[in-house]
Amino acid sequence: MKNKSYLTQGMRYAALPLTAAALTGCADTQPKRPNIIIMMTDDHTAQAMSCYGSGLVETPNLDRLAREGMLFENCYVSNAISGPSRACILTGKYSHVNGFTDNSRTFDGDQQTFPKVLHEAGYQTAMIGKWHLNSDPQGFDFWSILVGQGEYYSPLFIENGKEVTTPGYVTDVITDKAIDFIDNCDKDRPFAMLYYHKAPHRNWMPAQRHLGIFDDKVFPEPVSLLDNYEGLGSAAREQAMEIGRDMWPEWDLKLMSPEAIARFEREEQGLTDSGDANKDDVKRANDHKSSIKQYIAAYNRMTDSEKEAWDKAFAPRIAEWEQMKGKASREEIIRWKYQQYMKDYCAVIKGVDENVGRLLKHLEEIGELDNTIIVYTSDQGFFLGEHGWFDKRFMYEECQRTPLLVRYPKAVKAGSRSKALAMNIDFAPTFVDMAGLEIPADMQGRSLKEVLCNEGKTPADWRKGVYYHYYEYPSWHMVKRHYGVRSNDFKLIHFYNDVDEWELYDLRKHPVEQVNVYDDPAYAQIRHQMHALMEVLQQECGDNDPQEKKFEFFKGAATL
Ligand code: SGN
Ligand code: CA
């Protein structure tokens, strides 16, 4: 233990009521409250975790968490996008209550959050990595956050208010900072650390050591990769997140040689609005040009030797693209782009998995592993080619669902799985509860302690459905506003604002959500029940008038 302590700056040691101090984890008698580490990635979906049965990538260290802890099969977010999900997690409240409905908001940091509750109770607290809430973190002894979306190479952080650029690869750097924080904590008091990765967020740039690792792998395709959206509504047809059409060759697929970069830097290409060109074409050309600039900026953060290895790794891909460009069919392009997307996404996941392993090993070495509640999750799921898409936002399974693993051998049975409908708003009350503190009455989620301490069984009075509401439209990827409910077997969705369309899915029969049975007379009763369930949930959480214009959308923050 070094003597630098993060706990010098006027930290309050709340006089804990005796019962609260004694109640930790599941038992009533443990003397020391557990440490808490929330490992959160950005856009890491369960389809890319081997413990969830993925055929895409092996994640041995995440699998270890599942093997030694509990895997939640049904954890859902209440709004599948970064800032909003992060605000829900911090507050234990839905977006319409915590105020952060879309990525252009500024989080009101004066409100109650679980790190503040833990800090008040004597926890040493830290926030390291992607924050994405547009206001400074509060309630932390130490914080070191990426700026906006963050960068993969030589990332810029704001650390307790000061800018610091740290050389290296973002997932490694965040882990170094996390280990450093732990090593500088006082041993006699617990810590709570938010260890929040940028990876595997777009544009999926792998670490140097992972360049080319999947060159020879052919990834299995999802059954709906070539979806034509016939069974879906206008929201699915009018989005802008198709692998075939909306993935940029340079930014997303790294199809830009060093010579092309030099050429671009010499003379900037792109259409300008001459007055007679089609407006959509002009917008697309300008968006494309911005994406190229964004790629060059990301590329230029690498050192010369890193660039050299990068160029070498992507040269064969660029050559392949040159051969197909203008000749391949739409279907061939989708399938080829999907393969490149998976190579990069899964290589980035390798960086996450290795670093999770490094952190676990460190905790083991200092004797803190079993004293620590370790949670692994993501801010939401992600499409990996399902419906032909990347990105998230929709209330469809791939992104409404988020992974959730919890390891804490003192209370959680190794290798257990839970089917309970869990939510990201449950995390805050769970941490407070597991720390033996009283859950603030205004947190809307429900503590998962009963599930965790009871081998994953669903309590009899558990929720019957999870409520969802997405607001960010018009915006990136053009996913229309919608709200709805998912029960164990069905899903009801209402798209609103510039449309008025309902969808109902029978998840037992059609887990891929391509067959909308809303108007099928055979489902009249289910439709009725799902509407009733949704109304109950809306009343409970206070989203009584979901189409209300109270939220002005998309105020236009510079980096979303
Ligand atoms: C960026 C990405 C989008 C992504 C949003 C939100 N574009 O704007 O593809 O949907 O972030 O993601 S990019 O060209 O900058 O990569 S979120 O996870 O942070 O909400
Ligand atoms: Ca995200």
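Just above, that's the structure.
Residues numbered from 1 in each chain as written. Chains lettered and ligands numbered in written order. Predicted model: local features only at pLDDT ≥ 70, side-chain atom pairs only at ≥ 80, totals over all residues. Heavy atoms only, no water.

### Some remarks on the environment of Ile439
Considering the arrangement of structural elements, one finds Ile439 in the loop between helix H14 (427-434) and helix H15 (449-452). Along the sequence, Ile439 and Asn184 sit 255 residues apart, while their C-alpha atoms lie 29 Å from each other. Once you skip the residues sitting within four places of it in the chain, Ile439 turns out to touch Pro429, Val432, Asp433 and Ser447. (Helix = DSSP H or I, 4+ residues; strand = E, 2+ residues; numbered from the N terminus. Contact = heavy atoms within 4.5 Å.)

### Description of the environment of Ser224
Looking at the secondary structure, you find Ser224 in the loop between strand S8 (191-196) and helix H7 (234-237). Classification of Ser224 as buried rests on a relative accessible area of 3%. Separated by 122 residues in sequence, Ser224 and Asp102 place their C-alpha atoms 28 Å apart. A polar atom in the side chain of Ser224 sits 2.8 Å from the backbone nitrogen of His387. (Buried < 20%, exposed > 50% of the residue type's maximum accessible area, 1.4 Å probe, protein only. Polar contact = N/O pair within 3.5 Å; in protein donor to acceptor, adjacent residues only side chain to side chain.)

### Notes on the sheet that holds strand S4 (residues 124-129)
Each strand in a sheet pairs with its neighbour through backbone hydrogen bonds, running either in the same direction (parallel) or in the opposite one (antiparallel). Here 10 strands make up an open sheet; going across it, the order is S7-S6-S5-S4-S8-S1-S9-S10-S2-S11 and the pairing mixed. Whereas interior strands pair on both sides, the edge strands pair on one side only; in this sheet they are strand S7 (162-165) and strand S11 (416-418). Strand-to-strand twist in this sheet, taken as the mean axis angle between neighbours without regard to direction, amounts to 15°. Where H14 meets the sheet, its contacts fall on strand S1 (35-41), strand S9 (372-378) and strand S10 (404-407), and the angle it forms with S9 comes to roughly 175°. (Pairing = 2+ DSSP bridges. Axes fitted to C-alpha atoms, helices over the stretch in contact; angles between N-to-C directions.)

### Focus on the pattern of salt bridges
Inspection of every chain in the model, using the stated rule, returns 43 salt bridges. Residue Arg105 is joined to Asp102 by a salt bridge in which the shortest nitrogen-to-oxygen separation is 3.4 Å. Since its relative accessible area comes to 12%, Arg105 is described here as buried. Between Arg446 and Glu450 there is a salt bridge whose closest N-O contact spans 3.0 Å. Look at Arg446 and you get partly exposed, because its relative accessible area is 24%. If you follow the salt bridges from partner to partner, you end up with Asp43, Asp391, Lys392, Arg393 and Glu472 in one network. (Salt bridge = Lys/Arg side-chain N within 4 Å of Asp/Glu carboxyl O.)

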